[in-house]
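# Fold and contact review
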Amino acid sequence: MSLFIVNILDGLVTGLLLFMLCSGLTLIFSMMGVLNFAHASFYMLGAYFAYQISLFTGFWLGLIVAPIAVGVIGALIERYGLRRVHKYGHVPELIFTFGLALLIEEVVQFFWGKNQMNYEVPAALDFAAFSIAGNAFPAFKVFMIFVAIGIFLVLLYILTKTRVGMTIQAALSYPETVQNLGHNVPLVFMGVFGVGTAMAGLAGVIAGPVLGTFPGMAVVLGSIVFVTIVIGGLGSLWGALAASLLIGWITTFAKAYNVRMEDILTGLGFTKPEPIWDSSWQDLWTLTLPQIADILPYLLMVIVLVLRPQGLFGKRET
């Protein structure tokens, strides 16, 4: 039972971190139709900016300044780069964002090198908040949970209770109508793009000390972000949260329990071939659940696309 609770908490941390990374992208994707391959690169920039700031002023100022800096860079890129290629269609956008991701990675390696940075948890949060059956749960992970929940509540309030949020939601589905009503839709696009990249930067600030700050950190989470917004549904904040938590718990539990595929298949009524090495399915029978944990979100995405193409909470088909 104690292992179950620990996995629930670890999966919650993983899911909420993923939510911070993908919630901005789901709005960008649904509003502008831009599949931003560089989104995870802004996550990496947030970690590196915060690391650099922490060398002089500590972690806490970096927590504030780094996401703002990343958001400003994202807004400028949308205004002077992405907006210029947007009118030419999706292929130029894909090429632009893909090239941008490569450029950001090269810039990071140029200034900080290829080694992992010594970006550490702040001393004020470097202790065990509580313990479950001898398993210590770090205070920094508790901090991550509260930050992610706070971001979700703030975004939910802005999107549902403010005039700016209503304009954003209207621009998601009816940009031309919103423009005809006198709203500056391009400015809305730039603002949403900036806020989305800032949230990715904030995720990097928080994840950097835990998951490591290195040039390949964008690649590690890059693809799973798109899987999450497809599962959750385009334009749905609740969908982004639900899909993130679902993926976090699925991968965490799959890695924690050493269940054999042989036991699963026999439990489903399949007969194990004898001898196993003569079977063309021998690799499937010898797999364990931790070995396939990282591909489970992709299998879930395929199932969701087959059964509900618009995603769990989406209103439009992906």
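In what follows, the accompanying structure is described.

Attention now goes to the packing of aromatic side chains. Under the definition given, this model contains 17 aromatic pairs. Ring geometry for Tyr 48 against Trp 112: centres 5.0 Å apart, planes inclined by 45°, an arrangement best described as tilted. With Tyr 48 in helix 2 (residues 39-57) and Trp 112 in helix 4 (residues 90-112), the pair connects residues that are 64 residues apart, well separated along the chain. Linked through ring pairs, Tyr 51, Phe 59, Trp 60, Tyr 119, Phe 140 and Phe 143 together constitute an aromatic cluster. The ring of Tyr 80 is capped by Arg 79, whose NZ or CZ atom sits 4.9 Å from the centre of that ring.

So, about a nonpolar patch on the surface. Together, Leu 61, Ile 64, Val 65, Ile 68, Val 72, Leu 76 and Tyr 80 make up a nonpolar patch on the protein surface, roughly 640 Å² of accessible area in all. Counting through the fold element by element, Leu 76 comes out in helix 3 (residues 59-86). Under the relative-accessibility criterion, Leu 76 is labelled partly exposed at 46%.

Moving on to the packing of helix 2 against helix 8 (residues 185-211). Relative orientation of the contacting elements helix 2 and helix 8 amounts to 55°, with a least axis distance of 6 Å. In terms of their interaxial angle, helix 2 and helix 8 are classed as oblique. Handedness of the crossing formed by helix 2 with helix 8: right-handed. Seen from helix 2, the contacting residues are His 39, Phe 42, Tyr 43, Gly 46, Ala 47 and Ala 50; seen from helix 8, they are Gly 196, Thr 197, Ala 200, Gly 201, Ala 203, Gly 204, Val 205, Ala 207, Gly 208 and Leu 211.

Moving on: the packing of helix 9 (residues 217-232) against helix 13 (residues 296-307). Running from amino to carboxyl end, helix 9 crosses helix 13 at an angle of 30°, the nearest separation of the two axes being 9 Å. Our classification of the angle between helix 9 and helix 13 gives roughly parallel. Relative to helix 13, the crossing made by helix 9 is left-handed. Of helix 13, the residues touching helix 9 (which contributes Ser 223, Ile 224, Val 227, Val 230 and Ile 231) are Pro 297, Tyr 298, Leu 300, Met 301, Val 304 and Leu 305. Of the residues contributing to the contact of helix 9 with helix 13, the split by class is 10 nonpolar, 1 polar and no charged.

What follows concerns the environment of Arg 83. Within the secondary structure, Arg 83 sits in helix 3. With relative accessibility at 27%, the residue Arg 83 sits in the partly exposed group. For the pair Arg 83 and Met 190, spaced 107 residues apart in the sequence, the C-alpha separation amounts to 8.9 Å. Contacts of Arg 83, omitting those with residues within four sequence positions, involve Glu 78, Pro 186 and Met 190.

This part is about the environment of Phe 42. Residue position: Phe 42 is located in helix 2. Placed 206 residues apart in sequence, Phe 42 and Gly 248 show a C-alpha to C-alpha distance of 21 Å. Setting aside residues up to four positions removed in sequence, Phe 42 forms contacts with Asn 36, Val 70, Ile 73, Gly 74, Ile 77, Leu 100, Ile 104, Thr 197, Ala 200 and Gly 201.

Among the nonpolar cores identified, the biggest contains 84 residues, and Met 20, Phe 42, Tyr 43, Ile 206 and Ile 231 are the most heavily contacted of them. With 14 residues, the single largest contributor to this core is helix 1 (residues 2-32). Excluding anything up to four places from it in sequence, Tyr 43 contacts Leu 21, Ala 200, Gly 201, Ala 203, Gly 204, Ala 207, Leu 211, Met 217 and Leu 221. Core analysis: the next-biggest nonpolar cluster, separate from the first, contains 6 residues, Ala 254, Leu 289, Ile 292 and Ala 293 among them.

In this model, helix 2 (19 residues) spans 27 Å end to end at C-alpha, consistent with the 27 Å of a helix rising 1.5 Å per residue. A positive phi of about 95° marks Gly 58, the residue just after helix 2.

As defined by bridge partners, strand 1 (residues 128-132) adjoins strand 2 (residues 135-138) across 4 bridges and the pair is classed as antiparallel. By the bridge assignment for strand 2, Ala 128 is matched with Pro 138. Where strand 1 hands over to strand 2, the hairpin turn is made up of 2 residues, of which Ala 133 adopts a positive phi near 50°.

Here the idea is simple: oppositely charged side chains can pair when their charged atoms come close. In this structure the tally under the stated criterion is 3 salt bridges. Two residues, Glu 78 and Arg 83, come together in a salt bridge whose shortest N-O distance is 3.1 Å. A salt bridge links Lys 255 to Asp 294; the shortest N-O distance between them is 3.2 Å. With Lys 255 in helix 10 (residues 237-256) and Asp 294 in the loop between helix 12 (282-286) and helix 13, this pair connects stretches of sequence that are 39 residues apart. You can call Lys 255 partly exposed: its relative accessible area is 49%. On the basis of relative accessibility, which here comes to 51%, the residue Asp 294 falls in the exposed class.

What counts and how
Residues numbered from 1 in each chain as written. Predicted model: local features only at pLDDT ≥ 70, side-chain atom pairs only at ≥ 80, totals over all residues. Heavy atoms only, no water. Phe/Tyr/Trp six-rings, centres within 6.5 Å; stacked < 30°, edge-to-face > 60°. Helix = DSSP H or I, 4+ residues; strand = E, 2+ residues; numbered from the N terminus. Lys NZ or Arg CZ within 6 Å of the ring centre and 35° of its normal. Patch = residues over 30% accessible without salt bridge, like charges linked within 9 Å, V, L, I, M, F, W, Y side chains within 5 Å. Areas by Shrake-Rupley, 256 points an atom, 1.4 Å probe, with all protein chains shown as cover. Salt bridge = Lys/Arg side-chain N within 4 Å of Asp/Glu carboxyl O. Buried < 20%, exposed > 50% of the residue type's maximum accessible area, 1.4 Å probe, protein only. Axes fitted to C-alpha atoms, helices over the stretch in contact; angles between N-to-C directions. Parallel < 35°, antiparallel > 145°, perpendicular 65-115°, else oblique. Left-handed = near helix turned anticlockwise from the far one by under 90°. Contact = heavy atoms within 4.5 Å. Nonpolar A, V, L, I, M, F, W, Y, C, P; charged D, E, K, R; others polar. Core = buried A, V, L, I, M, F, W, Y, C linked by side-chain atoms within 4.5 Å. Expected span 1.5 Å × (residues − 1). Pairing = 2+ DSSP bridges.

Interpretation note: all reported values are geometric properties and have no functional meaning in isolation.
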